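The primary structure of each chain is shown beneath.
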Amino acid sequence: MSKTSSNNNNTSTADNTTNYQNNSKISNTIKNNVDDNDKSPENSKYENGSTRVTPWEVEGRIDYDRLIEVFGTQPISSEILEQFEKITGEVHPMLNLHYFFSHRDLDFILRKVESGEKIYLYTGRGPSGMIHMGHLMPWMFTKYLQDKFGSKLLFQITDDEKFLYSQDRTREEIKRFTYENILDIISVGFDSDNTKIIVDTKHIKHLYPISLEIAKRITFSTAKAVFGFSASTNIGMIGFPPVQAAPCLLPSLIEGKPTPVLIPAAIDQDPYWRITRDVAEKMGFYKPAQIHSKFLPSLDAPGGKMSSSKPGTAIFTTDEPEVIDKKVSNAFTGGQATVALQRLYGGNALGCPVFWYLRYLFDNQKESDERFVKCISGNLLCGECKSDLAMESKSFIATLKKRREKAKDCIQKYMYENDPFEI
Ligand code: TYM
């Protein structure tokens, strides 16, 4: 059954089932346990660094409530969900399931949208490898917002950042990943008329003047505190943050007036926006707003996030069906060590990456809540969930692969200033 079993709640099947009769109670339990799940002793060490969330590393079990406190962001409230519903006529599942859980100034953005003012969306990718399902989550949500708000989107590819960060990568390798990643970005389905991909090394002349203005206003002491730079960090990395900050201000220059910008991304990117927000207003721009997601967890271990550099942790958009089968069959789960124990005690759905993949990507909420109850009450075995995940992932990736092929013919349409991009 499971590769490893984790702290299961050893209540009996009957107890578990009776506790979860009511659907809204189930969803709240799941929501609260995602957030409270990791209030384990490891998390109390968050401040002394055993859990790390930086733009380059995500390690350990993440307590998202604590991240909100430490990063000084706001939780997504029921008022915000109502504002969304008023504008879009629905609440997107990634909001409803609290996958997007935190924000900065999202209420301001929604007010602007409601009043008919155009906002820009801005998101990005650091091309350190191929694209996995975790990367796709904020992009799928960005596409949804683009469709609903009719917004223009700037999509930045920080090939400079990844060259500087990855000691062993050559510029040629990074360029190859840039090309491959662009195919994935296009395959998400963004509107080509309203989307511009910026590749830093190619389009730097559009970013450089703004990034200089930003850089001049940020001290090394601030950068060190926000990003954790040390004496051994190369100076390219130290100078890089204003380049990722620049697209936050670019829309105002394009439009010739202060223009609101919303950045959908996982919360690891927040340090960049903290420094940008500090300087934006002083420079006469709106502070960029953010909506932060959680991480799709690593498939092969508890805690941490999927990583391009660790293939076993993630399902990639280029994985063959047999590779997906293998990764899913080797996945860590919240199951008990034997079928008999699973039937007796039930599994730990909340500690199970397979459960979360299915919940965030493939099950609808009702199906997921039912899966939860069946799992914790011992009526579902890990093999069944793995088989569902493998089947859904293979079909999802097969569709994406077809779109990736088609994307090869329309790269230029998506590039900033319709520049060609070839490898
Ligand atoms: P990168 O390439 O590390 O990640 C790209 C996007 O994917 C999110 N992400 C994840 N989301 C869920 N689960 C995961 N396991 C997971 N891993 C990564 C990231 O938060 C990000 O949204 N420096 C950036 C590139 C960048 C950017 C931006 C990102 C430039 N401008 C504006 C977001 C917004 C980077 O290296 O992202």
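Please refer to the structure higher up on the page.
Residues numbered from 1 in each chain as written. Predicted model: local features only at pLDDT ≥ 70, side-chain atom pairs only at ≥ 80, totals over all residues. Heavy atoms only, no water.

## Digging into the overall build of the chain
- A tally of helices and strands in the chain yields 21 helices and nine strands.
- Out of the 423 residues belonging to the chain, those deemed buried represent 55%.
- In the chain, 79% of the contacts between residues at least 6 apart in sequence involve partners at least 24 apart.
- Summing over all exposed atoms, the chain offers an accessible surface of approximately 18,300 Å²; the carbon and sulfur share of this is 49%. (Helix = DSSP H or I, 4+ residues; strand = E, 2+ residues; numbered from the N terminus. Buried < 20%, exposed > 50% of the residue type's maximum accessible area, 1.4 Å probe, protein only. Contact = heavy atoms within 4.5 Å. Areas by Shrake-Rupley, 256 points an atom, 1.4 Å probe, with all protein chains shown as cover.)

## Considerations on the pattern of salt bridges
- One pass over the structure, following the stated rule, counts 22 salt bridges.
- Here Asp 319 and Lys 327 are joined by a salt bridge, their closest N and O atoms 2.7 Å apart. (Salt bridge = Lys/Arg side-chain N within 4 Å of Asp/Glu carboxyl O.)

## Some thoughts on helix 20 (residues 382-407)
- With 26 residues, helix 20 should reach 38 Å at 1.5 Å per residue; the first-to-last C-alpha distance of 36 Å fits that figure.
- Looking at helix 20, one finds that the buried residues are Cys 382, Cys 385, Lys 386, Leu 389, Ala 390, Ser 393, Phe 396, Ile 397, Leu 400, Arg 404 and Ala 407. (Expected span 1.5 Å × (residues − 1).)

## Points about the side chain of Thr 313
- Structurally, the position occupied by Thr 313 is in the loop between strand 9 (289-293) and helix 16 (321-329).
- Judged by its relative accessible area of 5%, Thr 313 is buried.
- Not counting residues within four places of it along the chain, the set of residues in contact with Thr 313 comprises Pro 297, Ser 298, Leu 299, Asp 300, Met 306, Ser 307 and Tyr 357.

## A word on the sheet that holds strand 9
- In space, the seven strands of this open sheet follow the order 3-4-9-8-5-6-7, with mixed pairing throughout. In the strand order of this sheet, the two ends are held by strand 3 (74-75) and strand 7 (195-199), each with one partner.
- With respect to the sheet, helix 11 (residues 200-216) is in contact with strand 6 (152-157) and strand 7, its orientation differing from that of strand 7 by roughly 105°. (Pairing = 2+ DSSP bridges. Axes fitted to C-alpha atoms, helices over the stretch in contact; angles between N-to-C directions.)

## Comments concerning the nonpolar core
- Within the largest apolar cluster, 78 residues are counted, with the highest numbers of intra-cluster contacts made by Phe 84, Ile 182, Ile 197, Leu 262, Ile 291 and Leu 296.
- For Ile 182, the contacting residues outside a window of four places in its chain are Ile 157, Ile 197, Val 199, Ile 411, Met 415 and Phe 421.
- Counting residues in hydrophobic clusters, the runner-up holds 31 residues, among them Met 237, Phe 240, Val 243 and Leu 249. (Core = buried A, V, L, I, M, F, W, Y, C linked by side-chain atoms within 4.5 Å.)

## A short note on the packing of aromatic side chains
- Within the structure shown, the criterion is met by 23 aromatic pairs.
- The interplanar angle of 40° and the centroid separation of 5.8 Å between the aromatic rings of Trp 56 and Phe 227 together place this pair among those described as tilted. Taken as a pair, Trp 56 in the loop between strand 1 (52-53) and strand 2 (58-59) and Phe 227 in helix 12 (residues 220-227) lie far apart in primary sequence, 171 residues in all. Note on accessibility: Trp 56 and Phe 227 belong to one class, buried. (Phe/Tyr/Trp six-rings, centres within 6.5 Å; stacked < 30°, edge-to-face > 60°.)

## Things to note about the pairing of strand 7
- Of all the five residues making up strand 7, four are buried; the element is thus mostly covered by neighbouring parts of the structure.
- Bridge analysis of strand 6 against strand 7 gives five bridges, and the strand direction is parallel. Bridge assignment links Phe 155 to a residue of strand 7, and that residue is Ile 197.

## Side note on empty space enclosed by the protein
- Applying the stated criterion across every chain yields a total of two cavities of 30 Å³ or more.
- There is about 100 Å³ of room inside the second largest cavity.
- What lines the second largest cavity is a set of 14 residues, and nearest its centre among them are Gln 342, Cys 352, Cys 375, Cys 382 and Cys 385.
- Of the residues belonging to the lining of the second largest cavity, the class tally is eight nonpolar, five polar and one charged. (1 Å grid on protein atoms, 1.4 Å probe; cavity = no way out; pocket = protein on both sides within 12 Å on 5 of 7 lines; lining within 4 Å. Points joined across faces, edges and corners; volume = space filled by probe spheres on them. Nonpolar A, V, L, I, M, F, W, Y, C, P; charged D, E, K, R; others polar.)

## Side note on the environment of Thr 158
- With respect to the helices and strands, Thr 158 occurs in the loop between strand 6 and helix 9 (159-165).
- Relative accessible area serves as the criterion here: at 3%, Thr 158 is assigned to the buried category.
- Taking the C-alpha atoms as reference, Thr 158 lies 4.8 Å from Gly 126; in sequence the two are 32 residues apart.
- Apart from residues lying up to four places away in sequence, Thr 158 is in contact with Arg 125, Gly 126, Pro 127, Asp 200, Phe 240 and Gln 244.
- At a separation of 2.7 Å, a polar atom in the side chain of Thr 158 contacts the side chain of Glu 161. (Polar contact = N/O pair within 3.5 Å; in protein donor to acceptor, adjacent residues only side chain to side chain.)

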